[in-house]
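Structure at a glance
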Amino acid sequence: MKTLYCAIGYVCNERCQFCPCSKDSVTVPSLTYDQVCMTVRQSIEEKGVENILLSGGEPTIHPDFFKILDYIKRFDVNISLLTNALRLADDTFAEKMFSIIDGSKLDVTVAFHSHIPEKHDFLTQHKGSFNRSMKGISNMLKHNVKLSIKNNIVNYTYKDLPEYIKWATSQFEDNVTLLFCNIDINGTAASNKENVAVDFRDSIPYLEQALDIVIEQRKLGHKRNVKVLTTPLCLIDPYYWGFIETSTQENVAAYKVPNSELLWDIGSDSGPLFEACTNCELNKYCPGTWRSFKNNFDESILKSIVCE
Ligand code: SF4
(Lines give C-alpha, C1' and ligand atoms only; values in the text may rest on other atoms or scores of the structure.)
Protein backbone atom coordinates (compact mmCIF):
# COMPACT_ATOMS: atom_id res chain seq x y z
CA MET A 1 0.00 0.00 0.00
CA LYS A 2 1.45 3.38 -0.99
CA THR A 3 2.11 5.31 2.20
CA LEU A 4 2.57 8.94 3.21
CA TYR A 5 4.93 9.00 6.22
CA CYS A 6 4.11 12.20 8.08
CA ALA A 7 5.83 13.19 11.35
CA ILE A 8 3.42 15.91 12.47
CA GLY A 9 5.74 17.15 15.23
CA TYR A 10 8.81 16.04 17.14
CA VAL A 11 7.48 16.92 20.61
CA CYS A 12 7.03 13.82 22.77
CA ASN A 13 5.75 12.91 26.24
CA GLU A 14 8.46 10.28 26.67
CA ARG A 15 12.25 10.55 26.37
CA CYS A 16 13.10 7.11 25.07
CA GLN A 17 16.76 6.20 25.29
CA PHE A 18 16.69 4.59 21.83
CA CYS A 19 14.94 7.47 20.05
CA PRO A 20 16.67 8.19 16.71
CA CYS A 21 15.66 11.88 16.94
CA SER A 22 18.15 14.29 18.47
CA LYS A 23 17.39 15.97 21.81
CA ASP A 24 17.14 19.31 19.97
CA SER A 25 14.47 18.12 17.57
CA VAL A 26 11.72 19.05 20.08
CA THR A 27 12.55 22.72 19.41
CA VAL A 28 11.60 22.36 15.73
CA PRO A 29 8.10 23.77 15.20
CA SER A 30 5.47 21.11 14.55
CA LEU A 31 3.60 21.05 11.26
CA THR A 32 0.53 23.26 11.32
CA TYR A 33 -2.94 21.90 10.65
CA ASP A 34 -2.91 23.54 7.21
CA GLN A 35 0.47 22.02 6.36
CA VAL A 36 -0.73 18.55 7.31
CA CYS A 37 -3.94 18.95 5.29
CA MET A 38 -2.05 20.15 2.22
CA THR A 39 0.43 17.26 2.55
CA VAL A 40 -2.34 14.69 2.83
CA ARG A 41 -4.31 16.09 -0.11
CA GLN A 42 -1.28 16.43 -2.38
CA SER A 43 -0.04 12.92 -1.55
CA ILE A 44 -3.40 11.39 -2.38
CA GLU A 45 -3.99 13.43 -5.54
CA GLU A 46 -0.48 13.38 -6.97
CA LYS A 47 0.89 10.03 -5.79
CA GLY A 48 -2.21 7.94 -5.23
CA VAL A 49 -1.27 7.42 -1.58
CA GLU A 50 -3.62 4.93 0.11
CA ASN A 51 -2.26 4.99 3.67
CA ILE A 52 -1.55 8.02 5.85
CA LEU A 53 0.94 7.15 8.58
CA LEU A 54 0.99 9.71 11.40
CA SER A 55 4.15 9.70 13.44
CA GLY A 56 6.28 12.06 15.51
CA GLY A 57 7.51 12.64 18.18
CA GLU A 58 4.20 11.62 19.67
CA PRO A 59 1.41 12.46 17.22
CA THR A 60 -1.44 12.38 19.75
CA ILE A 61 -0.08 15.44 21.60
CA HIS A 62 -0.20 17.66 18.51
CA PRO A 63 -2.66 20.46 19.42
CA ASP A 64 -4.73 19.77 16.28
CA PHE A 65 -4.57 15.98 16.40
CA PHE A 66 -8.35 15.52 16.42
CA LYS A 67 -8.86 18.04 13.62
CA ILE A 68 -6.19 16.25 11.58
CA LEU A 69 -7.95 12.89 12.02
CA ASP A 70 -11.24 14.51 11.10
CA TYR A 71 -9.70 15.93 7.93
CA ILE A 72 -8.06 12.66 6.82
CA LYS A 73 -11.18 10.57 7.32
CA ARG A 74 -12.97 12.41 4.52
CA PHE A 75 -10.67 10.61 2.06
CA ASP A 76 -10.95 6.94 1.22
CA VAL A 77 -7.58 6.04 2.76
CA ASN A 78 -6.24 3.89 5.55
CA ILE A 79 -4.89 5.69 8.64
CA SER A 80 -1.92 4.36 10.60
CA LEU A 81 -0.67 5.75 13.88
CA LEU A 82 2.65 5.28 15.65
CA THR A 83 2.00 6.14 19.29
CA ASN A 84 3.19 5.38 22.79
CA ALA A 85 -0.51 5.22 23.82
CA LEU A 86 -0.02 7.40 26.92
CA ARG A 87 -2.75 9.87 25.96
CA LEU A 88 -5.10 7.04 25.07
CA ALA A 89 -5.02 6.07 28.76
CA ASP A 90 -7.21 9.12 29.37
CA ASP A 91 -10.77 7.82 28.92
CA THR A 92 -12.07 11.22 27.82
CA PHE A 93 -9.34 11.55 25.20
CA ALA A 94 -9.98 8.01 23.92
CA GLU A 95 -13.75 8.58 23.72
CA LYS A 96 -13.25 11.81 21.79
CA MET A 97 -10.81 10.17 19.39
CA PHE A 98 -13.12 7.26 18.66
CA SER A 99 -16.08 9.57 18.22
CA ILE A 100 -14.12 10.98 15.27
CA ILE A 101 -12.71 7.84 13.79
CA ASP A 102 -13.86 4.25 13.57
CA GLY A 103 -11.26 2.19 15.44
CA SER A 104 -11.59 -0.75 13.07
CA LYS A 105 -10.25 1.48 10.30
CA LEU A 106 -7.16 2.43 12.26
CA ASP A 107 -3.80 0.61 12.25
CA VAL A 108 -1.94 1.41 15.46
CA THR A 109 1.60 0.48 16.41
CA VAL A 110 2.62 0.91 20.05
CA ALA A 111 6.23 0.45 21.04
CA PHE A 112 6.47 -1.66 24.16
CA HIS A 113 9.92 -2.22 25.55
CA SER A 114 9.74 -4.77 28.31
CA HIS A 115 7.27 -6.94 30.21
CA ILE A 116 8.86 -5.58 33.40
CA PRO A 117 7.31 -2.19 34.23
CA GLU A 118 10.49 -0.74 35.78
CA LYS A 119 12.56 -1.67 32.72
CA HIS A 120 10.02 -0.22 30.32
CA ASP A 121 9.91 2.99 32.36
CA PHE A 122 13.70 3.15 32.49
CA LEU A 123 13.91 3.01 28.70
CA THR A 124 11.14 5.59 28.19
CA GLN A 125 12.49 7.73 31.07
CA HIS A 126 8.88 8.23 32.10
CA LYS A 127 7.82 6.74 35.44
CA GLY A 128 4.45 5.04 35.20
CA SER A 129 4.55 4.82 31.41
CA PHE A 130 4.18 1.01 31.40
CA ASN A 131 0.87 1.13 33.23
CA ARG A 132 -0.43 4.11 31.28
CA SER A 133 0.48 2.57 27.93
CA MET A 134 -1.24 -0.66 28.95
CA LYS A 135 -4.38 1.32 29.82
CA GLY A 136 -4.14 3.17 26.50
CA ILE A 137 -3.88 -0.14 24.65
CA SER A 138 -6.88 -1.46 26.52
CA ASN A 139 -8.91 1.62 25.53
CA MET A 140 -7.92 1.15 21.90
CA LEU A 141 -8.76 -2.56 21.85
CA LYS A 142 -12.26 -1.71 23.12
CA HIS A 143 -12.65 0.16 19.85
CA ASN A 144 -11.29 -2.69 17.71
CA VAL A 145 -8.18 -0.98 16.37
CA LYS A 146 -5.80 -3.19 14.38
CA LEU A 147 -2.95 -3.28 16.88
CA SER A 148 0.74 -4.10 16.56
CA ILE A 149 3.05 -4.12 19.56
CA LYS A 150 6.62 -3.33 18.64
CA ASN A 151 9.61 -4.32 20.74
CA ASN A 152 12.87 -2.56 20.04
CA ILE A 153 15.78 -4.93 20.58
CA VAL A 154 18.22 -3.09 22.83
CA ASN A 155 21.20 -3.93 25.01
CA TYR A 156 19.27 -3.32 28.23
CA THR A 157 16.59 -5.96 27.56
CA TYR A 158 17.61 -8.34 24.75
CA LYS A 159 18.24 -11.24 27.13
CA ASP A 160 14.61 -10.95 28.25
CA LEU A 161 13.20 -11.60 24.76
CA PRO A 162 11.98 -15.17 25.50
CA GLU A 163 10.26 -14.02 28.70
CA TYR A 164 8.91 -10.94 26.93
CA ILE A 165 7.24 -13.03 24.24
CA LYS A 166 5.70 -15.34 26.82
CA TRP A 167 4.23 -12.27 28.49
CA ALA A 168 3.11 -10.58 25.25
CA THR A 169 1.43 -13.70 23.88
CA SER A 170 -0.41 -14.28 27.15
CA GLN A 171 -1.38 -10.62 27.47
CA PHE A 172 -2.70 -9.95 23.96
CA GLU A 173 -5.09 -11.96 21.79
CA ASP A 174 -3.80 -13.61 18.63
CA ASN A 175 -5.17 -10.78 16.48
CA VAL A 176 -2.49 -8.44 17.92
CA THR A 177 0.64 -8.51 15.78
CA LEU A 178 4.02 -8.61 17.50
CA LEU A 179 6.99 -6.85 15.92
CA PHE A 180 10.67 -7.08 16.79
CA CYS A 181 12.82 -4.31 15.49
CA ASN A 182 16.51 -3.48 15.60
CA ILE A 183 17.13 0.18 16.23
CA ASP A 184 18.63 3.04 14.26
CA ILE A 185 21.56 4.30 16.35
CA ASN A 186 21.19 7.98 15.69
CA GLY A 187 20.20 11.03 17.72
CA THR A 188 19.39 10.21 21.35
CA ALA A 189 20.17 6.52 20.80
CA ALA A 190 23.73 7.40 19.78
CA SER A 191 24.16 9.15 23.16
CA ASN A 192 22.92 6.10 25.07
CA LYS A 193 24.82 3.35 23.34
CA GLU A 194 25.66 1.48 26.54
CA ASN A 195 21.96 0.89 27.16
CA VAL A 196 20.67 0.50 23.63
CA ALA A 197 23.30 -0.70 21.15
CA VAL A 198 23.56 -4.48 20.93
CA ASP A 199 25.57 -6.62 18.54
CA PHE A 200 23.45 -8.97 16.41
CA ARG A 201 25.74 -11.83 17.46
CA ASP A 202 24.59 -11.28 21.05
CA SER A 203 20.90 -10.63 20.45
CA ILE A 204 20.05 -13.15 17.72
CA PRO A 205 20.27 -16.28 19.95
CA TYR A 206 17.70 -14.73 22.32
CA LEU A 207 15.50 -13.64 19.42
CA GLU A 208 15.61 -17.19 18.04
CA GLN A 209 14.58 -18.57 21.44
CA ALA A 210 11.65 -16.14 21.46
CA LEU A 211 10.64 -17.26 17.95
CA ASP A 212 10.86 -20.91 19.04
CA ILE A 213 8.16 -20.11 21.59
CA VAL A 214 5.98 -18.65 18.81
CA ILE A 215 6.57 -21.78 16.69
CA GLU A 216 5.50 -24.00 19.59
CA GLN A 217 2.37 -21.89 20.08
CA ARG A 218 1.53 -22.19 16.38
CA LYS A 219 1.75 -25.97 16.67
CA LEU A 220 -0.97 -25.66 19.31
CA GLY A 221 -3.18 -23.73 16.88
CA HIS A 222 -2.29 -20.08 17.60
CA LYS A 223 -2.35 -17.90 14.51
CA ARG A 224 -0.56 -14.77 15.69
CA ASN A 225 1.35 -12.69 13.18
CA VAL A 226 4.95 -12.11 14.37
CA LYS A 227 7.41 -10.17 12.26
CA VAL A 228 11.09 -9.34 12.66
CA LEU A 229 12.22 -6.08 11.08
CA THR A 230 15.60 -4.66 10.03
CA THR A 231 17.41 -7.96 10.59
CA PRO A 232 19.84 -9.24 7.92
CA LEU A 233 19.02 -12.71 6.59
CA CYS A 234 22.69 -13.75 6.78
CA LEU A 235 22.73 -13.29 10.57
CA ILE A 236 19.77 -15.47 11.47
CA ASP A 237 19.26 -19.20 10.89
CA PRO A 238 17.21 -19.81 7.69
CA TYR A 239 14.75 -21.78 9.87
CA TYR A 240 13.47 -18.36 11.04
CA TRP A 241 13.44 -16.53 7.71
CA GLY A 242 9.66 -16.83 7.51
CA PHE A 243 9.45 -14.26 10.33
CA ILE A 244 11.63 -11.68 8.60
CA GLU A 245 9.75 -8.72 7.13
CA THR A 246 11.39 -8.16 3.79
CA SER A 247 9.86 -4.83 2.81
CA THR A 248 11.55 -1.81 4.35
CA GLN A 249 10.51 1.71 3.40
CA GLU A 250 9.88 0.89 -0.23
CA ASN A 251 6.18 1.63 0.16
CA VAL A 252 6.80 5.18 1.39
CA ALA A 253 5.65 7.14 -1.64
CA ALA A 254 5.62 10.49 0.16
CA TYR A 255 7.51 11.82 3.16
CA LYS A 256 6.92 14.92 5.25
CA VAL A 257 8.55 15.98 8.50
CA PRO A 258 8.75 19.35 10.27
CA ASN A 259 10.99 21.92 8.61
CA SER A 260 11.15 20.07 5.30
CA GLU A 261 9.44 20.06 1.95
CA LEU A 262 7.07 17.27 1.01
CA LEU A 263 9.33 14.66 -0.60
CA TRP A 264 8.40 11.93 -3.05
CA ASP A 265 10.03 8.50 -3.30
CA ILE A 266 12.73 9.08 -0.71
CA GLY A 267 15.67 6.75 -0.34
CA SER A 268 15.70 4.50 2.68
CA ASP A 269 17.89 4.66 5.79
CA SER A 270 17.73 0.91 6.04
CA GLY A 271 18.16 -1.95 3.62
CA PRO A 272 20.87 -4.18 2.13
CA LEU A 273 23.21 -1.20 2.02
CA PHE A 274 26.53 -2.86 2.90
CA GLU A 275 29.59 -4.09 1.05
CA ALA A 276 28.67 -7.77 1.44
CA CYS A 277 25.21 -7.06 0.02
CA THR A 278 26.55 -6.05 -3.39
CA ASN A 279 27.16 -9.62 -4.54
CA CYS A 280 24.64 -11.31 -2.32
CA GLU A 281 21.99 -13.28 -4.16
CA LEU A 282 19.43 -12.43 -1.50
CA ASN A 283 19.80 -8.68 -1.71
CA LYS A 284 16.43 -8.29 -3.46
CA TYR A 285 14.65 -10.03 -0.59
CA CYS A 286 16.72 -9.08 2.44
CA PRO A 287 15.69 -6.15 4.68
CA GLY A 288 19.34 -5.62 5.66
CA THR A 289 19.45 -3.23 8.55
CA TRP A 290 19.93 0.45 9.44
CA ARG A 291 22.65 2.41 7.67
CA SER A 292 23.92 3.46 11.15
CA PHE A 293 24.93 -0.18 11.77
CA LYS A 294 28.22 0.32 9.95
CA ASN A 295 29.24 3.20 12.25
CA ASN A 296 28.70 1.15 15.38
CA PHE A 297 29.47 -2.49 14.63
CA ASP A 298 31.80 -4.68 12.64
CA GLU A 299 30.30 -4.76 9.14
CA SER A 300 32.34 -7.86 8.26
CA ILE A 301 29.84 -10.04 10.18
CA LEU A 302 27.52 -9.67 7.16
CA LYS A 303 28.27 -12.46 4.65
CA SER A 304 27.10 -12.58 1.03
CA ILE A 305 24.92 -15.57 0.32
CA VAL A 306 25.86 -17.07 -3.03
CA CYS A 307 24.31 -20.26 -4.42
CA GLU A 308 26.88 -22.77 -5.70
S1 SF4 B 1 24.88 -9.84 2.80
FE2 SF4 B 1 23.43 -8.12 2.84
S3 SF4 B 1 21.78 -8.72 1.43
FE4 SF4 B 1 22.94 -10.57 1.91
S5 SF4 B 1 21.83 -11.51 3.58
FE6 SF4 B 1 23.45 -10.23 4.49
S7 SF4 B 1 22.52 -8.22 4.86
FE8 SF4 B 1 21.19 -9.37 3.47
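Please refer to the structure placed before this passage.
Residues numbered from 1 in each chain as written. Predicted model: local features only at pLDDT ≥ 70, side-chain atom pairs only at ≥ 80, totals over all residues.

**Quick notes on the overall build of the protein**
Check the secondary structure of the protein and you find 10 helices and 11 strands. Taken against the 2.2 N^0.38 rule, which gives 19 Å for 308 residues, the C-alpha radius of gyration of the protein at 19 Å falls within 12% of a compact globule. The principal-axis extents of the C-alpha atoms in the protein amount to approximately 55 × 40 × 40 Å. For the protein, with 308 residues in total, the buried portion stands at 40%. A fraction of 78% describes how many contacts in the protein between residues 6 or more apart in sequence connect residues 24 or more apart. (Helix = DSSP H or I, 4+ residues; strand = E, 2+ residues; numbered from the N terminus. Rg over C-alpha atoms; globule rule 2.2 N^0.38 Å. Buried ≥ 20, exposed ≤ 12 C-beta atoms within 10 Å, placed from the backbone. Contact = placed C-beta atoms within 7 Å.)

**Thoughts on helix α2 (residues 65-72)**
Buried residues of α2: Phe65, Ile68, Leu69 and Ile72, and no others. One side of α2 carries all its buried residues, which in axial view fall inside an arc of 100°. In this structure, the buried residues of α2 make contact with α1 (33-47), β2 (51-55), β3 (78-83) and α3 (91-100). (Arc of directions from axis to C-beta.)

**Let's talk about the nonpolar core**
Grouped together as the largest cluster of nonpolar side chains are 69 residues, with contacts concentrated most on Leu4, Cys6, Phe18, Ile52, Val154 and Leu207. Of the residues forming this core, the biggest block, five residues, is contributed by helix α9 (residues 200-219). Apart from the residues within four sequence positions on either side, Phe18 is in contact with Leu123, Asn152, Val154, Ile183, Ala189 and Val196. Leu233, Cys234, Phe274 and Cys286 belong to the second largest nonpolar core, which has five residues in total. (Core = buried A, V, L, I, M, F, W, Y, C linked by C-beta atoms within 7 Å.)

**Regarding the environment of Gly136**
Along the chain, the position of Gly136 falls in helix α5 (residues 129-142). Sequence separation between Gly136 and Ala94 is 42 residues, and the spatial gap between their C-alpha atoms is 8.0 Å. Discounting chain neighbours no more than four positions away, the residues touching Gly136 are Ala85, Leu86, Arg87, Leu88 and Ala89.

**Quick look at the packing of α1 against α2**
Taken N-terminus to C-terminus, the directions of α1 and α2 make an angle of 25°; their axes are 10 Å apart at the nearest point. Of the possible angle classes, the one that applies to α1 and α2 is roughly parallel. Here the hand of the crossing between α1 and α2 comes out right-handed. In this structure, α1 contributes Tyr33, Val36, Cys37 and Val40 to the contact, and α2 contributes Lys67, Ile68, Tyr71 and Ile72. The residue inventory of the contact of α1 with α2, partitioned by class, reads seven nonpolar, no polar and one charged. (Axes fitted to C-alpha atoms, helices over the stretch in contact; angles between N-to-C directions. Parallel < 35°, antiparallel > 145°, perpendicular 65-115°, else oblique. Left-handed = near helix turned anticlockwise from the far one by under 90°. Nonpolar A, V, L, I, M, F, W, Y, C, P; charged D, E, K, R; others polar.)

**Some thoughts on the site of the ligand**
In the vicinity of the ligand there are 16 residues, among which Pro232, Cys234, Cys277, Cys280 and Cys286 approach most closely. When grouped by side-chain class, the residues that make up the shell around the ligand number 12 nonpolar, three polar and one charged. (Near = placed C-beta within 6 Å.)

**Re the sheet that holds strand β5 (residues 146-153)**
On the basis of which strands lie adjacent, the open sheet formed by nine strands has the order β7-β6-β5-β4-β3-β2-β1-β8-β9 and mixed pairing. The sheet is open, and its two edges are formed by β7 (226-229) and β9 (263-264), each paired on a single side. Pairing between strand β8 (residues 252-256) and β9: two bridges, direction antiparallel. Looking at β9, one finds that Tyr255 is bridged to Leu263. (Pairing = 2+ DSSP bridges.)

**What about helix α4 (residues 117-124)?**
If you check which residues of α4 are buried, you get His120, Asp121, Leu123 and Thr124. Down the axis of α4, the buried side of the element spans an arc of 160°, and every buried residue falls inside it. Once α4 ends, the next one or two residues include Gln125, with phi positive near 55°.

**Here we look at the pairing of β8**
In terms of burial, β8 is a largely internal element, five of the five residues being buried. When strand β1 (residues 3-7) meets β8, the two strands line up parallel, connected through four bridges. Across the sheet, the residue bridging to Cys6 is Lys256, located in β8. Where β8 folds back onto β9 in an antiparallel hairpin, the turn is made up of six residues, including Asn259, whose phi is positive at roughly 65°.

**Things to note about the packing of α2 against α3**
Here α2 crosses α3 at 20°, and the two axes come no closer than 9 Å. Classified by the interaxial angle, the pair formed by α2 and α3 is roughly parallel. Handedness of the α2/α3 crossing: right-handed. Here α2 contributes Phe66, Leu69 and Asp70 to the contact with α3, which in turn contributes Lys96, Met97 and Ile100. Classifying every residue of the contact of α2 with α3 gives four nonpolar, no polar and two charged.

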